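A look at the structure
So you can see what is in the structure, the chains are spelled out below.
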Amino acid sequence: FIFLSFSPEPAWGKIKRSAPVRGEWVVRFAKDSFFNKKPFQFSSPVISENTLFSGVNKNRFYAVDIRKGRKLWNYSTLGPVHAKAAVAAGNVYFGDAKGNIYALEQKTGKRVWNAQVDGAVMSTPLVLDKQIIFVSLSKQVKSFDVLTGKELWQTLPLNRDSGFTVLGSSDP
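Not measured: the values here are computed from a predicted model.

**Some details on the side chain of Gln140**
Along the chain, the position of Gln140 falls in the loop between strand S13 (131–135) and strand S14 (141–145). According to the relative accessible area criterion, Gln140 is buried, its value standing at 4%. A polar contact of 2.6 Å, which involves the side chain of Gln140, links it to the backbone nitrogen of Asp118. Looking at Gln140, its side chain comes within polar contact range of the side chain of Gln154, at 2.7 Å. Apart from the residues lying within four places of it in its own chain, the contact partners of Gln140 are Val117, Asp118, Phe134, Val135, Gln154, Thr155 and Pro157.

What follows is the structure in structure tokens.
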């Protein structure tokens, strides 16, 4: 779940599978299982036009109205979503842990286009002019046209180890 605290106070009783907590809202997202002990359950959220966007470990991506505290839509992905999304040109863009790239309409969640990179996407895509750039754990970089999804350019994945990637954090 994700805890939301925004003003003004929401209209009570309008959230399905969610509950008010002292004038604030808890919105429940899908979880792998009750016993899941992974350090992250959902991606860092991004907010645009009063809508919070976040993906979860259970192959779903959500849009939540932050004024009313209710889910607007959700989208089934082919893999867990751990990276923060980017919002541009009326769409929301993100990748999953299986290397799938998604562009969804910001308002409806309808798929605009999808593509693939060589490896898990664990970072926020970069929107630059009319292109969006994704980096995968294989160190491949791909650029796509934000509106059509047409691949503009790419780098080859690196065949050697170079540094490390932090997927979660913990206290010593």
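What follows continues from the structure just given.
**Here's the deal with the sheet that holds S14**
An order of S12-S13-S14-S15 is seen for the four strands of this open sheet, with the pairing classed as antiparallel. Unpaired on one side and paired on the other, strand S12 (126–128) and strand S15 (151–154) mark the two borders of the sheet. Ignoring strand direction, the axes of neighbouring strands in this sheet form an average angle of 20°. Here five bridges tie S13 to S14, and the two strands are oriented antiparallel to one another. Across the sheet, Ile132 pairs through a bridge with Phe144, a residue of S14.

**Section: the side chain of Gln106**
The residue Gln106 is located in the loop between strand S10 (100–105) and strand S11 (111–116) in this model. Leaving out residues up to four positions away in the same chain, Gln106 has contacts with Ser48, Glu49, Phe53, Trp73, Val87, Gly90, Asn91 and Val92.

**Side note on the sheet that holds strand S6 (residues 60–65)**
Strand order in the open sheet made by the four strands is S4-S5-S6-S7, with antiparallel pairing throughout. Sheet topology places strand S4 (46–48) and strand S7 (70–76) at the edges, where each strand pairs with a single neighbour. Each adjacent strand pair in this sheet contributes to an overall mean axis angle of 25°, direction not counted.

**Section: the pairing of strand S9 (residues 91–95)**
Counting buried residues along S9, five of its five residues qualify, which places the element largely inside the surrounding structure. Covered by surrounding structure in S9 are Asn91, Tyr93 and Gly95 together with Val92 and Phe94, the residues of both alternating faces. The hairpin turn running from strand S8 (residues 86–88) into S9, its antiparallel successor, is two residues long, and Ala89 in that turn takes a positive phi close to 55°. Where S9 folds back onto S10 in an antiparallel hairpin, the turn is made up of four residues, including Gly99, whose phi is positive at roughly 85°.

Scoring rules and cut-offs
- Residues numbered from 1 in each chain as written.
- Predicted model: local features only at pLDDT ≥ 70, side-chain atom pairs only at ≥ 80, totals over all residues.
- Heavy atoms only, no water.
- Helix = DSSP H or I, 4+ residues; strand = E, 2+ residues; numbered from the N terminus.
- Buried < 20%, exposed > 50% of the residue type's maximum accessible area, 1.4 Å probe, protein only.
- Polar contact = N/O pair within 3.5 Å; in protein donor to acceptor, adjacent residues only side chain to side chain.
- Contact = heavy atoms within 4.5 Å.
- Pairing = 2+ DSSP bridges.
- Axes fitted to C-alpha atoms, helices over the stretch in contact; angles between N-to-C directions.

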